[in-house]
Amino acid sequence: MNGFLSFTPLFRYSQVGDKLVKETRIINGRLQVLVNWNRDAWNQAKGLITDLADKERLLVYNEKLAEIINQSQLKRFMRLGPLMQHLFALAKSRSENNDDPIAENRALILVLSAYVNGKNITQWLPSNHPPVIPPRREVLLNRRTDIAQHFMASAALAMSGHSTLANMIGLAKEMNDTHSGSGFSFTDLAADQAGAMFGKTAIRSEDKARKVQAILSQSADESLFMPNIKDLPENLSPADFAARFKDIQSPEFNALKRQIEQRILACSLYQP
């Protein structure tokens, strides 16, 4: 079985899981997963879902993205909302012709996630076609590049069926940043959770995929898929985090986490 598995994408999932998951245990009837934060494993995890996308579709959305950016008068920053509007308009049109809205949304999100996070996707594209490289712009969500990056990276990972993993990795990163980076950020955590919800929603079913296309192709309003998070605490040092929230199992932490989840679910795109 292991010999067969090593030739499939599942083997790559198992390798990433081995690096990310340090220990699993059951305490008082609850499963606890201890995560070994590893940036290399996170980068591998973000790349896994390219196994699920059609290269020809990736090519189409990459070329459309380049066209949108070349036509823009903006030379440094672009908002995520307008980019989504143009790309989902194309997805809607293509879905009406090929009747595969899930595949269209998946390719669109992969291309956009790679661009927002500064990743070169030429290795994913058909080798017999000269790649078009979109001009580099910083992409903003809630007027911040880091929020756009968190959102789109989690959206791409969640499309592989791993929205829980996306949220878990996001939390692991924030705990790591508390001690060695910029501090714990609930805004980043909210962007991760909203992105995971977005990716999962965009491919949940054909009807849902078409609904996402219909809504986003008509508006560049980012509040459709991302709530206001400006009031959330961020840059918390270990001492600040402990003083306000004790730990990630505390009622205080879980109360704010539920508030974030409720804000996300209130966005129009995620309504039943």
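Residue numbers run consecutively from 1 along every chain, following the written order of its sequence. For a predicted model such as this one, the threshold for reporting local features is a pLDDT of at least 70, and the threshold for listing and counting side-chain atom pairs is 80 or more; totals across whole chains, interfaces and linings nevertheless cover every residue. Hydrogens are left out, water is left out, and the side-chain values use all remaining heavy atoms of the structure.

Some details on the overall build of the chain
Here comes step 1: Across its full length, the chain holds 12 helices and four strands.
Here comes step 2: The buried share of the chain, taken over its 272 residues, is 47%.
Here comes step 3: To measure how exposed things are, a 1.4 Å probe is used in the Shrake-Rupley method; for residues, cover is taken only from the protein chains shown. When the accessible surface of the chain is totalled, it reaches about 13,500 Å², and 50% of it is carbon and sulfur. Helix and strand definitions follow DSSP, with helices as H or I runs of at least four residues and strands as E runs of at least two, each counted in order from the N terminus. Categorising residues by exposure relies on relative accessible area from a 1.4 Å probe, with only protein chains included: less than 20% of the type maximum marks a residue as buried, more than 50% marks it as exposed, and the intermediate range marks it as partly exposed.

Thoughts on the pattern of salt bridges
Here comes step 1: One side-chain nitrogen of Lys or Arg within 4 Å of one carboxyl oxygen of Asp or Glu is enough to make a salt bridge. Throughout the structure, instances matching the rule amount to 12 salt bridges.
Here comes step 2: Between Arg94 and Glu104 there is a salt bridge whose closest N-O contact spans 2.8 Å. Of this pair, Arg94 sits in helix α5 (residues 80-98) while Glu104 sits in helix α6 (residues 101-116), placing them 10 residues apart in sequence.
Here comes step 3: The buried category is assigned to Glu104, whose relative accessible area is 0%.
Here comes step 4: Beyond isolated ion pairs, a larger network of salt bridges with shared partners links Arg57, Arg94, Asp100 and Glu104.

Focus on the side chain of Gln213
Here comes step 1: On the secondary structure map, Gln213 appears in helix α10 (residues 206-216).
Here comes step 2: Given the relative accessible area of 1%, Gln213 is considered buried.

A few points about unusual backbone geometry
Here comes step 1: Of note, Arg143 is a non-glycine position whose phi angle comes to about 65°, a positive value.
Here comes step 2: Position of Arg143 relative to the elements: it lies in the loop between β4 (138-140) and α7 (145-158).
Here comes step 3: One non-glycine residue, Lys246, adopts positive backbone phi at about 65°.
Here comes step 4: Tracing the backbone through its elements, the reader meets Lys246 in the loop between α11 (238-245) and α12 (251-265).

Comments concerning the confidence of the model for the chain
Here comes step 1: With 72% of its residues at a pLDDT of 70 or more, the chain shows a mean pLDDT of 80.
Here comes step 2: The low-confidence segment residues 1-18, where pLDDT is below 50, has 16 contacts with residues more than four positions distant or belonging to other chains.
Here comes step 3: Low pLDDT (under 50) marks residues 44-52, which in the prediction has 24 contacts with non-local residues, meaning those over four places away or in another chain. A score from 0 to 100, pLDDT tells how confident the predictor is in each residue. Two residues form a contact once any of their heavy atoms are found within 4.5 Å.

Some thoughts on the environment of Ser250
Here comes step 1: Assignment of secondary structure puts Ser250 in the loop between α11 and α12.
Here comes step 2: A polar contact is formed between the side chain of Ser250 and the backbone oxygen of Phe245, at a distance of 2.5 Å. Definition of a polar contact: a pair of N or O atoms within 3.5 Å, with one able to donate and the other able to accept a hydrogen when the atoms are protein atoms, and with sequence-neighbouring residues admitted only if both atoms are side-chain atoms.

What about α7?
Here comes step 1: Given the number of residues in a helix, its expected span is that number minus one, multiplied by 1.5 Å. Look at α7: 20 Å from first C-alpha to last across 14 residues, which is about the 20 Å you get at 1.5 Å a residue.
Here comes step 2: Residues Ile147, Ala148, His150, Phe151, Met152, Ala153, Ser154, Ala155, Ala156, Leu157 and Ala158 constitute the buried set of α7.

Here we look at the nonpolar core
Here comes step 1: Residues grouped as a nonpolar core are buried Ala, Val, Leu, Ile, Met, Phe, Trp, Tyr and Cys residues, joined through side-chain atoms within 4.5 Å. Of all hydrophobic cores here, the largest spans 61 residues; its most connected members are Leu80, Met84, Phe151, Phe186, Phe198 and Phe225.
Here comes step 2: Sorting elements by how many residues they give to this core places α6 first, with nine residues.
Here comes step 3: Once residues lying within four places of it in the same chain are set aside, the contact partners of Phe225 are Leu80, Gly81, Met84, Leu141, Phe151, Ala194, Phe198, Leu216, Cys267, Leu269 and Tyr270.

Here we look at the packing of aromatic side chains
Here comes step 1: Aromatic pairs are defined between Phe, Tyr and Trp rings, using the six-membered ring for Trp, whenever the two ring centres lie within 6.5 Å; interplanar angles under 30 degrees are classed as stacked, those over 60 as edge-to-face, and all others as tilted. Considering all chains together, one arrives at 11 aromatic pairs under this definition.
Here comes step 2: Aromatic pair Phe184 and Phe253: ring centres 6.1 Å apart, planes at 80°, arrangement edge-to-face. Highlighted residues: Phe184 in the loop between α8 (163-180) and α9 (186-202) and Phe253 in helix α12, separated in sequence by 69 residues.
Here comes step 3: Note on Phe253: relative accessible area 1%, which makes it buried.

Section: the side chain of Ser250
Here comes step 1: On the accessibility criterion, Ser250 (5% relative accessible area) is buried.
Here comes step 2: Within the structure, the side chain of Ser250 is placed 2.9 Å from the backbone oxygen of Asp247, a separation counted as a polar contact.

Observations concerning α12
Here comes step 1: A rise of 1.5 Å per residue sets the reference length of α12, with its 15 residues, at 21 Å; its end C-alpha atoms lie 21 Å apart and thus fit the reference within 8%.
Here comes step 2: Within the sequence span of α12, burial applies to Phe253, Leu256, Ile260 and Ile264. For α12, the arc enclosing every buried residue in end-on projection is 85°, short of the 170-degree limit, so these residues lie on one face. Opposite the packed face of α12, turned more than 90 degrees from it, sit the exposed residues Pro251 and Gln262. Directions from the helix axis toward the C-beta atoms define the arc.

Remarks on the environment of Leu141
Here comes step 1: Within the secondary structure, Leu141 is located in the loop between β4 and α7.
Here comes step 2: For the pair formed by Leu141 and Met152, sequence separation is 11 residues and the distance between their alpha carbons is 9.9 Å.
Here comes step 3: Not counting residues within four places of it along the chain, the set of residues in contact with Leu141 comprises Leu80, Ile147, Ala148, Phe151, Glu222, Phe225 and Met226.

Quick look at the packing of α9 against α10
Here comes step 1: Each axis is a line fitted through C-alpha atoms, and for a helix only the stretch in contact is used; angles between axes span 0 to 180 degrees, taken between their N-to-C directions. As a packed pair, α9 and α10 sit with axes 7 Å apart at the nearest point and diverge in direction by 115°. Residue-level contacts link Phe198, Thr201 and Ala202 of α9 to Lys208, Ala209, Val212 and Leu216 of α10.
Here comes step 2: Grouping the amino acids of the contact of α9 with α10 by side-chain chemistry returns five nonpolar, one polar and one charged. Residue classes follow a fixed rule: Ala, Val, Leu, Ile, Met, Phe, Trp, Tyr, Cys and Pro count as nonpolar, while Asp, Glu, Lys and Arg count as charged, and any other residue, Gly among them, counts as polar.

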